[in-house]
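Listed below, chain by chain, are the residues.
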Amino acid sequence: MIDDKTIIQRTAVFVQEKLRNAEAGHDWWHIQRVWNNTKLILQTEEADALVCELTALLHDIADSKFHHGDEQVGPRIAGEFLHSLGLDDSRIEHVQQIIFNMSYKASLGQIDFHSKELEIVQDADRLDAIGAIGIARAFHYGGFKNREIYNPNIPPQKQLSKEAYKNTTAPTVNHFYEKLLLLRDKMNTDTAKQIAKHRHYFMESFLQQFYGEWNGER
Ligand code: ADP
Ligand code: NI
């Protein structure tokens with residue numbers, strides 16, 4: 001039986017290899033940041049650290065957007081890999097449940113699984129969507145989709161439906177109001193709530209500065 005540290009290390013190598021050609025929003029660096037956020041949260045939250053770290057590493061190996069909306073692909077690949085390392089079945093199943101239930105889209109609908117470990121990794125993933133990194137990712141995504149950065153004539157939508165969220169062509173600044181500024185209040189753990197406060201404030205000051213410059217203020 002290999003020790004936890006080796007299991008995590010081998011998983012990191014596996015994921016890095018799998019994501020070699022991933023798009024920048026969900027590349028290995030995203031995974032590394034989510035892993036780091038997870039370890040940060042674990043400093044002050046009680047949970048099965050092995051399950052949390054493995055899930056952080058494996059949560060985006062098969063984005064359903066690129067697998068015809070099949071949300072089972074990620075959990076399946078993760079399960080097969082962890083099985084090959086000899087991880088116990090109950091932990092494997094736990095990791096699979098979290099990956100399946102964790103995406104923002106899943107959280108818009110019915111989540112039918114809950115655990116402290118899910119809360120932690122979901123928070124870690126959401127923390128990577130806000131703050132300075134969140135801003136960078138949003139404009140990167142918008143550029144990839146050839147969106148306008150901002151258009152004062154297109155107001156942000158409140159309460160975007162699942163379909164509308166997927167099909168929007170709105171400017172990237174709108175995404176702040178439709179998702180990013182809502183994430184602070186969706187954090188599960190007290191630790192992530194604390195971390196999110198500062199990152200949220202940073203996005204608000206970014207937007208203030210942005211509008212000022214847009215309007216030709218000095
Ligand atoms: P997740 O990591 O939860 O699967 P997504 O795939 O929806 O999130 O988004 C990946 C990154 O791209 C996130 O940082 C997110 O904020 C950003 N993003 C998603 N949709 C948009 C959009 N319409 N405009 C700008 N950024 C977006
Ligand atoms: Ni992610």
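Quick caveat, the model's predicted, so the values are computed rather than measured.

Each helix and strand counted, the chain has 11 helices and zero strands in total. Since a compact globule built from 218 residues should have a radius of gyration of about 17 Å, the 18 Å found for the chain is in line with a globular shape. In the chain, buried positions account for 33% of the 218 residues. Taking the contacts inside the chain whose residues are at least 6 apart along the sequence as the reference set, 63% of them involve residues at least 24 apart.

Close contact between helix H2 (residues 28-42) and helix H3 (residues 49-58) brings their axes to 8 Å; oriented N to C, the two are set at 160°. Judged by the inter-axis angle, H2 sits roughly antiparallel to H3. In this structure, the crossing between H2 and H3 has a hand that is right-handed. Here Ile 31, Val 34, Trp 35, Thr 38 and Leu 42 of H2 lie close against H3, whose contacting residues are Ala 49, Cys 52, Glu 53, Ala 56 and Leu 57. Split into classes, the residues belonging to the contact of H2 with H3 amount to eight nonpolar, one polar and one charged.

On to H2, then. Between its first and last C-alpha, H2 extends 21 Å over 15 residues, near the 21 Å set by a 1.5 Å rise per residue. Among the residues of H2, His 30, Ile 31, Val 34, Trp 35, Asn 37, Thr 38, Ile 41 and Leu 42 are the ones counted as buried. For H2, the arc enclosing every buried residue in end-on projection is 160°, short of the 170-degree limit, so these residues lie on one face. Those residues of H2 that are buried lie in contact with helix H1 (4-18), H3, helix H7 (116-127) and helix H11 (190-214).

A few words on the nonpolar core. By size, the foremost hydrophobic cluster in this structure holds 42 residues, and its most contacted members are Leu 58, Val 95 and Val 121. Mapped by element, the contributors of at least two residues to this core are H2, H3, helix H4 (73-85), helix H5 (89-102), H7, helix H8 (131-144), helix H10 (172-178) and H11. Each of domain 1 (1-110) and domain 2 (129-218) accounts for three or more of the residues forming this core. In contact with Val 121, not counting residues within four places along its chain, are Thr 38, Cys 52, Thr 55, Ala 56, His 59, Ile 98 and Met 102.

Further remarks concern the domain arrangement of the chain. The assigned domain composition of the chain is domain 1 (1-110) and domain 2 (129-218). Each of domain 1 and domain 2 has a C-alpha centre, and these two points are 25 Å apart. At the junction of the two partners, domain 1 supplies eight residues and domain 2 supplies eight residues. Where the side of domain 1 that touches domain 2 is concerned, the elements lending two or more residues are H2 and helix H6 (104-108). Among the residues forming the side of domain 1 that touches domain 2, the class breakdown is three nonpolar, two polar and three charged.

Turning next to the confidence of the model for the chain. Taken as a whole, the chain shows an average pLDDT of 92; of its residues, 91% reach a score of 70 or greater. For this predicted complex, the interface score ipTM comes out at 0.95, while the overall pTM is 0.92.

This brings us to unusual backbone geometry. Even without glycine at this site, Asn 146 takes up a positive phi of about 60°. Along the chain, Asn 146 turns up in the loop between H8 and helix H9 (162-167).

Along its 14 residues, H8 runs 20 Å from first to last C-alpha, staying within 8% of the 20 Å computed at 1.5 Å per residue. What H8 keeps buried is the set Gly 131, Gly 134, Ile 135, Arg 137 and Ala 138. Down the axis of H8, the sector holding all buried residues measures 165°, keeping them to one side. Exposed residues on H8 whose side chains face more than 90 degrees from its buried face are Ala 132, Ala 136, Gly 143 and Phe 144. Buried positions along H8 lie against H10 and H11. Directly beyond the C-terminal end of H8, a positive phi value near 60° is found at Asn 146.

What counts and how
Residues numbered from 1 in each chain as written. Chains lettered and ligands numbered in written order. Predicted model: local features only at pLDDT ≥ 70, side-chain atom pairs only at ≥ 80, totals over all residues. Helix = DSSP H or I, 4+ residues; strand = E, 2+ residues; numbered from the N terminus. Rg over C-alpha atoms; globule rule 2.2 N^0.38 Å. Buried ≥ 20, exposed ≤ 12 C-beta atoms within 10 Å, placed from the backbone. Contact = placed C-beta atoms within 7 Å. Axes fitted to C-alpha atoms, helices over the stretch in contact; angles between N-to-C directions. Parallel < 35°, antiparallel > 145°, perpendicular 65-115°, else oblique. Left-handed = near helix turned anticlockwise from the far one by under 90°. Nonpolar A, V, L, I, M, F, W, Y, C, P; charged D, E, K, R; others polar. Expected span 1.5 Å × (residues − 1). Arc of directions from axis to C-beta. Core = buried A, V, L, I, M, F, W, Y, C linked by C-beta atoms within 7 Å. Domains from an automatic or database assignment. pLDDT = per-residue confidence, 0-100.

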